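Understanding the architecture of this molecule
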Amino acid sequence: MEFTEIIDFLFGTMQGAGCLIGGGMILCVIVCFIMERKTRKLYKNHEKTEDDWSIFDDDDDEEGEDKD
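These numbers were taken from a predicted model, which means no experiment stands behind them.

Digging into a nonpolar patch on the surface
Taken together, Phe3, Ile7, Phe11 and Leu20 make up a surface patch of nonpolar side chains, about 430 Å² in accessible area. Mapped onto the elements, Ile7 comes out in helix H1 (residues 3-12).

The following block contains the structure:
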């Protein structure tokens, strides 16, 4: 398979465009998780407030507690 065939597939067909969009979304999610982990390590001494939330849900919240 030549390079031009790959380019024609990616930019010339609906399936190729779907591959580009899906690959871009997966890449963005991976980068976001890596950046979130690095930020959490950098600001590990951050004092938590009621407005804080975690994308990874690592908090030790009591289950069944009502939040108002």
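Read on for the rest.
Brief notes about the packing of H1 against helix H2 (residues 14-42)
The geometry of H1 relative to H2 is characterised by a closest axis approach of 5 Å and an angle of 85° between their N-to-C directions. Judged by the angle between their axes, H1 and H2 are roughly perpendicular. Taking contact as the criterion, the partners of Phe9, Leu10 and Phe11 in H1 are, on H2, Gln15, Gly16, Ala17, Cys19 and Leu20. When the residues that make up the contact of H1 with H2 are grouped by side-chain class, the tally is 6 nonpolar, 2 polar and no charged.

Conventions adopted
Residues numbered from 1 in each chain as written. Predicted model: local features only at pLDDT ≥ 70, side-chain atom pairs only at ≥ 80, totals over all residues. Heavy atoms only, no water. Patch = residues over 30% accessible without salt bridge, like charges linked within 9 Å, V, L, I, M, F, W, Y side chains within 5 Å. Areas by Shrake-Rupley, 256 points an atom, 1.4 Å probe, with all protein chains shown as cover. Salt bridge = Lys/Arg side-chain N within 4 Å of Asp/Glu carboxyl O. Helix = DSSP H or I, 4+ residues; strand = E, 2+ residues; numbered from the N terminus. Axes fitted to C-alpha atoms, helices over the stretch in contact; angles between N-to-C directions. Parallel < 35°, antiparallel > 145°, perpendicular 65-115°, else oblique. Contact = heavy atoms within 4.5 Å. Nonpolar A, V, L, I, M, F, W, Y, C, P; charged D, E, K, R; others polar.

None of the figures reported here should be taken as evidence of function without further support.
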